[in-house]
Amino acid sequence: MNMTESVKNVRNSNLGYPRIGANREWKKALERFWSNQIDEDQLTQELKTIRLAHLAKQKEKGIELIPVGDFTLYDHMLDTAAMFGLVPERFEYEGGEVSFATYFAMARGSKQAPACEMTKWFNTNYHYIVPEIGEDDPVLTVNRPLQAYLEAKRELQIEGKPVLIGPYTFVKLSKGYAASDFESVLNRFIPVYAVLLQQLEQAGAQWVQIDEPSLATSVSRAEMKLVAGLYERLAQAAPGLNVMLQTYFDAVDLYSELIRLPVCGIGLDFVHGGEENLKSLQEFGFPADKVLGAGVINGRNIWRSDLQDKLALLQTIAAIVPYGRLIVQPSCSLLHVPVSVRQEERLDETLRDALAFADEKLDELSVLKQAVNEGAESVTAALQSSRAALDRLAQSPWRKERQDLTARLAEQPSSRHLPFHEREAIQRDKWQLPPLPTTTIGSFPQTKEIRRARQLWRKGEWSAEQYDLFMKEQIREWIRLQEEIGLDVLVHGEFERTDMVEFFGEKLAGFAFTQNGWVQSYGSRCVKPPIIFGDVRFVRPMTVGETLFAQSLTNKPVKGMLTGPVTILQWSFVRDDISNREVAYQIALALGKEIKALEQAGIEMIQVDEPALREGLPLKKEHWDEYLTWAVESFRLATSNVKDTTQIHTHMCYCEFHDIIDAIKALDADVISIETSRSHGELVASFETNVYDKGIGLGVYDIHSPRVPAKEEMVRMIERALRVLPAGLFWINPDCGLKTRGIEETVASLKVMVEATAEIRSRLEQYA
Ligand code: GLN
Ligand code: ZN
């Protein structure tokens, strides 16, 4: 190992940089390629330019260990799967390096084959493509980290730190094998990882960052033993390579075992689970032959760090691990934050001064390094200004004038007046829906025209009336289309919303919006999370106008459409001076007022989406209860103060359902729709052991892909679900909102859905 660093000098490092580019160049390039505006060579060239610019930026900002290979064509898990030739059989593949066409087919589906499943990356709002491990052994079809390493060296003379997903995490997050085969599957990956690392070693790489975030979940001792054996083998394969075993998102489980693994460095998160990690460090110490990657700058939130506090934290850590063996770094990859605050010109100054996005976080890492190596005096101004900015925000009226939450909570019921089975009878009577009612999740295609209209209106080129008229035309057209398709419960289409959280944030007090604060959600899809910086309050009705207008056009029921408190919280950047629980309750109370307003206007079927409920789950099971208790309570606070006849729907985008089924039941929603089509079989299987006795719709087709499914496919999906769920409470719907789809494929798919439903209805007695 390379231990020649000075004992006093601390180094700094980054774990990953946002791919999307300051102006989302990455996203735009991909989408131009998908729509055939540029070819593969042009795409490759454009991506290279973006990638190199990101590396140069990190160098310029004084980062010593610059990550390479964290860039991707779509997703880093998919990259890893493709690199190992793990292409499911339904895709075109004859071995060797996976082609762009096959790679993107796995990500997005193709005419011939549905896409791979996609799911949340730990407790973030990033989604990865779930690798499918088949019978075949993995092969190293191409060494991506090596390519990235060589490129950085050749083009920019940067001695990069290749980043890869570690085998433990990779296999943990993959599917296609039985849990009992975990060990043997893991072993099959040792040879490919060994060769990969050997090649990096031979090419002269110094450090390699192996990400093992799964080590921050609940890890059994038996599995830790496997991990030890695995890293033993990898250390033998490439003894000259400095492996930084990187964990993040929570404290590591089994700290004392972890620090004994045969690697050169261990990266710990000192922000999320930071207290626990620090306690372990102090209690059990740290091996003298290892380097500690100290993740002290929050890689997931957008607030500036109080650098004096961070410096103090580093000093505490340095009492155990001397600076010469410390690396200052973000708590995780900066993938989860926007690129730079510098582009924000419209934010209030007090707020803006308190923000740090990826580029500013890199600056913070450099200031900390300098403070240690050259003395705090050398960066006094930077140290003081960070604290002063945070103080100014704390003293601002948005934070100082607190509302009395306890009093407001006491006024708002958090359970429905009648239990579900009694409400159900009353609602059946009121709504008179056919068996297996068909509906959608809320949004319809956001076409170019819609986006253009919004832009014109935002720029002031269109008056509010003009914009309103345009939106009404969209609603009118889609009410017509929904009636023509033959859906039973209609929606207005959410055309006025760019984003399901932003829309509400813009209308509630306590939120701020960036101009350019995009982060990647999945593939080329980016979101711009609002910033919850002050107390959240209801100001005026937010959805009543559009919903009522839609309802005025049809005799069928139109569902009101809201985003739930937990999702608004999860998909925002949240103030960190009060608990998330408190913020969620504030949002819930505000949404409760919106629901009342809808009900009073005659909208009595209301969907409150909570697609992010699951991703908020803490990584460690022992913390689940606490989270789920306030998450469920928030939903109930928002939705309980309604008439018995009012039907509350909810929607969630996940397939792993069984482990939080009690919380889902406790929401007490009258109808829930869930996303399942990419893993339908598994979900249905989970209902074999879990009784669900409220209204439920399982997504019958995948909306993430432009493919129009065949009727038989949907019929099969429904039939399978009806084997385990009562037909009397079953709803038919697509997987999720349709806003990312084209009009044609949407109408075609929904028609197929209605036809499939009709076929099942015609022989309903079979499922009674
Ligand atoms: N109602 C939202 C929509 O249809 C739900 C989206 C989601 O759950 N992600 O777009
Ligand atoms: Zn969804």
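If you're wondering where the values come from, they're calculated on a predicted model, not measured in any experiment. (Residues numbered from 1 in each chain as written. Chains lettered and ligands numbered in written order. Predicted model: local features only at pLDDT ≥ 70, side-chain atom pairs only at ≥ 80, totals over all residues. Heavy atoms only, no water.)

Details of the confidence of the model for the chain
Convention followed: A score between 0 and 100, pLDDT records how confident the predictor is in each residue. Whether two residues are in contact is decided by their heavy atoms, any of which lying within 4.5 Å being enough.
Scored by pLDDT, the chain comes out at a mean of 95, with 98% of its residues at no less than 70. A low-confidence stretch, residues 1-5 stays under pLDDT 50, and its non-local contacts, those more than four residues away or across chains, total 11 contacts.

A few points about the packing of helix H11 (residues 307-318) against helix H13 (residues 358-374)
Note the following rule: Lines fitted to C-alpha atoms define the axes here, with helix axes fitted over just the stretch in contact, and angles between the N-to-C directions of these axes take values from 0 to 180 degrees. Under the scheme used here, helices are H or I runs from DSSP no shorter than 4 residues and strands are E runs no shorter than 2 residues, and both carry numbers assigned from the N terminus. With respect to orientation, any angle under 35 degrees is reported as roughly parallel, any angle over 145 as roughly antiparallel, any angle of 65 to 115 as roughly perpendicular, and every other angle as oblique. Helix crossings get a hand from a simple test, with the near helix turned counterclockwise from the far one by less than a right angle marking a left-handed crossing and a clockwise turn marking a right-handed one.
Viewed as axis vectors pointing N to C, H11 and H13 meet at an angle of 55 degrees, and their least axial separation amounts to 10 Å. Between H11 and H13, the crossing angle belongs to the class labelled oblique. Classified by chirality, the crossing of H13 by H11 is right-handed. Judged by residue contacts, Leu-307, Lys-310, Leu-311 and Leu-314 of H11 engage Glu-364, Val-367, Leu-368, Ala-371 and Val-372 from H13.

Brief notes about the sheet that holds strand E16 (residues 573-574)
As a reminder of what qualifies: Think of it this way: DSSP has to see at least two bridges between two strands before they count as a pair.
The mixed open sheet is built from 3 strands, whose spatial order is E11-E14-E16. Each edge of the open sheet carries a strand with a single partner, namely strand E11 (509-512) and E16. Strand direction decides the pairing type here: E11 and strand E14 (residues 531-537), joined by 3 bridges, are antiparallel. Counterpart to Phe-511 in the pairing with E14 is Ile-532. Here helix H23 (residues 580-600) sits on the sheet and contacts E14 and E16; the angle it forms with E14, its principal contact strand, is near 50 degrees.

Concerning the coordination of the zinc ion (ligand 2)
Ideal geometry at a metal gives 109.5 degrees between four tetrahedral donors and either 90 or 180 degrees between six octahedral ones. What counts is decided by this rule: Donors, by definition, are the N, O and S atoms found within 2.8 Å of a metal, the threshold being 3.2 Å for Na, K and Ca, and water is not counted, so a site can look incomplete. Four donors are marked tetrahedral only if all angles between them lie between 85 and 135 degrees, whereas four are marked square planar and six octahedral if opposite donors are more than 155 degrees apart and the other angles lie between 65 and 115; the remainder are marked irregular. Any residue under 20% of the maximum accessible area for its type is buried, any over 50% is exposed, and the rest in between are partly exposed; the area is computed with a 1.4 Å probe on protein chains only.
Here the zinc ion (ligand 2) is held by His-651 (NE2), Cys-653 (SG) and Cys-736 (SG), and the distances to it run 2.0 to 2.1 Å. Seen from the zinc ion (ligand 2), its 4 donor atoms lie at angles of 84 to 123 degrees, and the figure they make is irregular. Mapping the donors of the zinc ion (ligand 2) onto the primary sequence yields the spacing H-x1-C-x82-C. You can see His-651 sitting in strand E18 (residues 647-652) and its partner Cys-736 sitting in the loop between strand E21 (730-733) and helix H28 (743-762), a full 85 residues away along the chain. Using a relative accessible area of 2% as the deciding quantity, one classes His-651 as buried. Judged by its relative accessible area of 16%, Cys-736 falls in the buried class.

Points about the state of the cysteines
Linking two cysteines covalently via their sulfur atoms produces the bond known as a disulfide. Here is the rule we go by: Any cysteine sulfur atom paired with another within 2.5 Å is treated as part of a disulfide.
Scanning all chains against the criterion turns up 0 disulfides. Considering cysteine sulfurs only, Cys-526 is the nearest to Cys-332, which forms no disulfide, with 17 Å between them.

Thoughts on the packing of helix H5 (residues 144-156) against helix H7 (residues 182-203)
Going by this rule: We call Asp, Glu, Lys and Arg charged. Ala, Val, Leu, Ile, Met, Phe, Trp, Tyr, Cys and Pro are nonpolar, and the rest, Gly among them, are polar.
Running from amino to carboxyl end, H5 crosses H7 at an angle of 15 degrees, the nearest separation of the two axes being 9 Å. Compared by their axis directions, H5 and H7 come out roughly parallel. Remark: the crossing between H5 and H7 carries right-handed chirality. Mapping the contact onto sequence places Pro-145, Leu-146, Tyr-149, Leu-150 and Lys-153 in H5 and Leu-196, Gln-199, Leu-200 and Ala-203 in H7. Residue composition of the contact of H5 with H7, grouped by class: 7 nonpolar, 1 polar and 1 charged.

A short note on the sheet that holds strand E19 (residues 671-674)
Paired through backbone hydrogen bonds, the strands of a sheet run either parallel or antiparallel to each other. Strand order in this open sheet of 6 strands is E15-E17-E18-E19-E20-E21, and the pairing throughout is parallel. What marks the edges here is a single partner per strand, and that holds for strand E15 (560-563) and E21. For this sheet the average axis-to-axis angle between neighbouring strands, irrespective of direction, equals 20 degrees. One ladder, built from 4 bridges, connects E15 with strand E17 (residues 605-609); its direction is parallel. Bridge pairing in E17 places Met-561 opposite Gln-607. Strand contacts of H23: E15 and E17, with the helix running at about 175 degrees to E15, the strand carrying the most contacts.

Here we look at the site of ligand 1
The line we're drawing: Proximity is defined per residue: any heavy atom of the residue falling within 4 Å of a molecule or strand makes that residue near it. Residues adjacent in sequence count toward polar contacts only when both atoms are side-chain atoms; beyond that, a polar contact is any pair of N or O atoms within 3.5 Å, and within protein one must be able to donate a hydrogen and the other to accept it. Only the protein chains shown count as cover for residues, and the accessible areas themselves come from Shrake-Rupley with a 1.4 Å probe.
Around ligand 1 lies a shell formed by Ile-441, Gly-442, Ser-443, Glu-494, Met-500, Met-561, Asp-609, Pro-611, His-651, Cys-653, Cys-736 and Gly-737. Within the backbone of Ile-441, one N or O atom sits 3.0 Å away from a nitrogen atom of ligand 1. Glu-494 places a polar side-chain atom, nitrogen or oxygen, 2.8 Å from a nitrogen atom of ligand 1. The protein chains hide 92% of the 290 Å² of surface that ligand 1 would expose on its own. Its residues placed into classes, the shell around ligand 1 shows 6 nonpolar, 4 polar and 2 charged.

Comments concerning the packing of aromatic side chains
Let me state the cut-off plainly: In this analysis, rings of Phe, Tyr and Trp, with Trp reduced to its six-membered ring, are considered paired at centre separations within 6.5 Å, and the interplanar angle assigns stacked below 30 degrees, edge-to-face beyond 60, and tilted for intermediate values. To sit over a ring, a charge needs its Lys NZ or Arg CZ within 6 Å of the ring centre and within 35 degrees of the ring normal.
Under the definition given, this model contains 23 aromatic pairs. Taken together through their ring pairs, the aromatic side chains of Phe-33, Trp-34, Tyr-74, Phe-100, Tyr-103 and Phe-104 make up a single cluster. Cation over ring: Arg-399 sits above Trp-303, and NZ or CZ is 5.3 Å from the ring centre. Between the NZ or CZ atom of Lys-621 and the centre of the ring of Trp-624, over which it lies, the distance is 5.0 Å.

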